[in-house]
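Residue-level structure breakdown
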Amino acid sequence: MTGQVNVSVQTGDFDPAGLQRALLEAGPGAGAVASFTGLVRGREGDGRLEWMELEHYPGMTEASLEQIATEALERWSLGAVSVVHRVGRLLPGDHIVWVGTCSRHRQDAFAACEFIMDYLKTRAPLWKKENWGDGQRWVEARGSDELRADRWRTSQKGSRD
């Protein structure tokens, strides 16, 4: 399957069901769809998040997301890939990211979706600032995200190992 890529960086909300329908239209003949919807968490331990602000470099961020999606197309047999990432001020429970992949077989769809999310967390030029009521803080990169992304760098094309 030769795939199609759709990437959007936006302030407005999105409809995951509508995005999945569009993904299937872009990737006819798919037998599998995998998707991930990320939400803004509202609690961590005893703390309660009031809001989150996502900043990005327009143009650079979209190009980075397209590069990640295109890399997934090169590694797996996909009909289409779609990535939507929100920026601006978000509240707990808001949609923040949606990744969808479709392919003839489930393994390619699952692996590509997971790969894209792992790389978004480590390679996309997006910065998060959180307000927990007692002040604001920038979210630092997590070592666990780098470890997840590293496994794709060492695996063979199309492999989940």
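To start, this report covers the structure provided alongside it.

Conventions and cut-offs
Residues numbered from 1 in each chain as written. Predicted model: local features only at pLDDT ≥ 70, side-chain atom pairs only at ≥ 80, totals over all residues. Heavy atoms only, no water. Core = buried A, V, L, I, M, F, W, Y, C linked by side-chain atoms within 4.5 Å. Buried < 20%, exposed > 50% of the residue type's maximum accessible area, 1.4 Å probe, protein only. Helix = DSSP H or I, 4+ residues; strand = E, 2+ residues; numbered from the N terminus. Contact = heavy atoms within 4.5 Å. Polar contact = N/O pair within 3.5 Å; in protein donor to acceptor, adjacent residues only side chain to side chain. Pairing = 2+ DSSP bridges. Axes fitted to C-alpha atoms, helices over the stretch in contact; angles between N-to-C directions.

1. Thoughts on the nonpolar core
Core analysis: the biggest nonpolar cluster contains 36 residues, and Trp76, Val83, Val99, Ile116 and Leu120 have the highest contact counts within it. Elements that contribute at least two residues to this core include exactly β1 (4–10), β2 (32–39), β5 (51–56), α2 (60–75), β6 (80–86), β8 (95–103), α3 (106–123) and α4 (143–154). Tallying contributions element by element places α3 first for this core, with nine residues.

2. Considerations on the environment of Asp94
Along the chain, Asp94 turns up in the loop between β7 (88–90) and β8. Relative accessible area serves as the criterion here: at 24%, Asp94 is assigned to the partly exposed category. Separated by 56 residues in sequence, Asp94 and Gly38 place their C-alpha atoms 8.6 Å apart. Beyond its immediate stretch of four places on either side in the chain, Asp94 contacts Gly38, Leu39, Val40 and Arg86. A distance of 2.7 Å separates the side chain of Asp94 from the backbone nitrogen of Leu91, its partner in a polar contact.

3. Some words on the pairing of β8
Here β8 lies mainly inside the structure; nine of its nine residues are buried. Both β2 and β8 contribute to a ladder of eight bridges, which runs antiparallel. Counterpart to Ala34 in the pairing with β8 is Thr101.

4. A short note on the sheet that holds β2
A sheet is described by the order of its strands in space; here four strands give the open sequence β1-β6-β8-β2, paired in mixed fashion. Since the sheet does not close on itself, it has two edges, and those belong to β1 and β2, each with one partner. When strand polarity is set aside, the average angle formed by the axes of neighbouring strands in this sheet is 5 degrees. Inspection of the sheet shows β1 paired to β6 by seven bridges, in the parallel sense. Paired with Gln10 across the strands is Arg86, a residue of β6.

Everything listed here is a matter of geometry and, on its own, says nothing about what the molecule does.
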